[in-house]
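# A structural walkthrough
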Amino acid sequence: MSEADRATEEGQLITAYLNLPKPVNVGDKMVDGDLYDVKGNLHHLSEFKGKYIMLDFWSLGCGPCLQSFPELKEVSEMYKDSLEIVSISMDTKESWSDFVERKGLTGNQWNEFAKGTTGLAAVYQVKGIPRYVMISPEGIVVGMWSGYGPGSIKEKVQHLIQEEQLGE
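Now for the side chain of Glu112. With respect to the helices and strands, Glu112 occurs in the loop between β5 (108-111) and α5 (120-123). For Glu112, the side chain forms a polar contact with the main-chain nitrogen of Leu120, separated by 2.8 Å.

Right, let's talk about the pattern of salt bridges for a bit. Counted according to the given criterion, the structure contains three salt bridges. One salt bridge connects Glu74 with Lys154, and the closest N-O pair in it is separated by 2.7 Å. A residue pair is termed long-range when its members are at least 10 positions apart, and Glu74 in helix α3 (residues 63-78) and Lys154 in helix α6 (residues 152-167) qualify at 80 residues. The exposure class of Lys154 is partly exposed, given its relative accessible area of 26%. The partner of Asp98 in a salt bridge is Arg102, and the shortest N-O contact between them spans 3.2 Å.

So, on to the pairing of strand β3 (residues 52-58). Here β3 lies mainly inside the structure; seven of its seven residues are buried. The pairing of β3 with strand β4 (residues 83-89) spans seven bridges and is parallel. Within the sheet, the bridge partner assigned to Phe57 lies in β4 and is Ile88. For the handedness criterion, the β-α-β arrangement of β3, α3 and β4 is classed as right-handed. Across five bridges, the pairing between β3 and strand β6 (residues 131-135) is antiparallel. By the bridge assignment, Leu55 is partnered in β6 with Val133.

Reading guide: rules and limits
Residues numbered from 1 in each chain as written. Predicted model: local features only at pLDDT ≥ 70, side-chain atom pairs only at ≥ 80, totals over all residues. Heavy atoms only, no water. Helix = DSSP H or I, 4+ residues; strand = E, 2+ residues; numbered from the N terminus. Polar contact = N/O pair within 3.5 Å; in protein donor to acceptor, adjacent residues only side chain to side chain. Salt bridge = Lys/Arg side-chain N within 4 Å of Asp/Glu carboxyl O. Buried < 20%, exposed > 50% of the residue type's maximum accessible area, 1.4 Å probe, protein only. Pairing = 2+ DSSP bridges. Right-handed = clockwise from strand over helix to strand, strands pointing away.

Structure (structure tokens):
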């Protein structure tokens, strides 16, 4: 691909897909990346070292993603001292920030503004959304799953935390 082709939006996307980061699996150390809030402030997952971190990959065009929001908020309240939920939008900056502000979404609403399923979405094997990743306080991936049904997040988080605590 020529330098001019690489400079185009399509060329950048092709280059990103040709150079995907290595995916992680359950048992691997978490991978961090540059994430931004709606005000453009830079954040990292490492800000929450010492707590459980649950990643929530979503998009505003995904019905199950939107249906999961009340339960995510409930789980966040239930485990407020030991768990941080980081919602990572797969949407463009404009549509995402407008949606977050219009809907009054709270918590860690972040976006990495990656092209396609590259960046952290590739690392955490996002092939469908919603996609959830649970990371232990020590920074180890302890669970990864996709899809949503009422009660499923509470059940999975409770199970993973109990399993993790029993394993210590």
